Amino acid sequence: MGGAALLEAAEHEAGLDCAARIRAAAEELTARARRSDAVRPDVRADDLLDLALGIALATTADPAPDRAHRLLALALRGVRTAP
């Protein structure tokens with residue numbers, strides 16, 4: 001967390017807000033995906049960012065090269081069997 005605080009301070013001093021830029025880009029991409037019916041209407045950009053962060057954090061300690069892909073596929077397809 002100390003590293004993140006230092007990075008945030010450096011961004012602030014440089015007039016950058018990387019987190020805001022990432023959120024804005026994610027919002028635009030998610031809105032475009034909703035308009036083209038590529039994702040459900042209730043999908044939110046902040047949820048997708050949290051999901052991506054969760055996968056990234058979960059895979060940093062696991063050296064299995066396909067772990068991130070498996071977790072993403074699980075999130076996209078769900079865990080339930082077809083009805």
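The structure displayed is predicted, hence computed values, not measured ones.

Conventions and cut-offs
- Residues numbered from 1 in each chain as written.
- Predicted model: local features only at pLDDT ≥ 70, side-chain atom pairs only at ≥ 80, totals over all residues.
- Heavy atoms only, no water.
- Salt bridge = Lys/Arg side-chain N within 4 Å of Asp/Glu carboxyl O.
- Helix = DSSP H or I, 4+ residues; strand = E, 2+ residues; numbered from the N terminus.
- Buried < 20%, exposed > 50% of the residue type's maximum accessible area, 1.4 Å probe, protein only.
- Contact = heavy atoms within 4.5 Å.
- Axes fitted to C-alpha atoms, helices over the stretch in contact; angles between N-to-C directions.
- Left-handed = near helix turned anticlockwise from the far one by under 90°.
- Nonpolar A, V, L, I, M, F, W, Y, C, P; charged D, E, K, R; others polar.

1. Let's talk about the pattern of salt bridges
Part 1 of the reasoning: Tallying each qualifying case throughout the model produces five salt bridges.
Part 2 of the reasoning: The partner of E28 in a salt bridge is R32, with the nearest N and O atoms 3.9 Å apart. Here E28 pairs with R32, and both are found in helix α2 (residues 18-35), just four residues apart, close to one helical turn.
Part 3 of the reasoning: Judged by relative accessible area, which is 46%, R32 ranks as partly exposed.
Part 4 of the reasoning: For R70, the salt bridge is made with D66, and the minimal N-O distance between the two is 3.0 Å.
Part 5 of the reasoning: For R70, a relative accessible area of 41% corresponds to the partly exposed category.

2. Let's talk about the side chain of T59
Part 1 of the reasoning: By secondary structure assignment, the location of T59 is in helix α3 (residues 45-60).
Part 2 of the reasoning: If we ignore the near neighbours within four places in the chain, the residues touching T59 are R67, A68 and L71.

3. Some remarks on the packing of α2 against α3
Part 1 of the reasoning: Interhelical geometry of α2 versus α3 gives an angle of 115° and a closest axis separation of 9 Å. Pair α2 / α3 crosses with right-handed handedness. The segment α2 lies against α3, with I22, R23, A26, E27 and T30 engaging A45, L48 and L49.
Part 2 of the reasoning: A class-by-class count of the residues in the contact of α2 with α3 yields five nonpolar, one polar and two charged.

4. Structural notes on the environment of A68
Part 1 of the reasoning: Along the polypeptide, A68 turns up in helix α4 (residues 67-77).
Part 2 of the reasoning: A68 gets classed as partly exposed once you look at its relative accessible area, which sits at 30%.
Part 3 of the reasoning: Between the alpha carbons of A68 and L57 there is a distance of 9.8 Å; along the sequence they are eleven residues apart.
Part 4 of the reasoning: Apart from the residues lying within four places of it in its own chain, the contact partners of A68 are I55 and T59.

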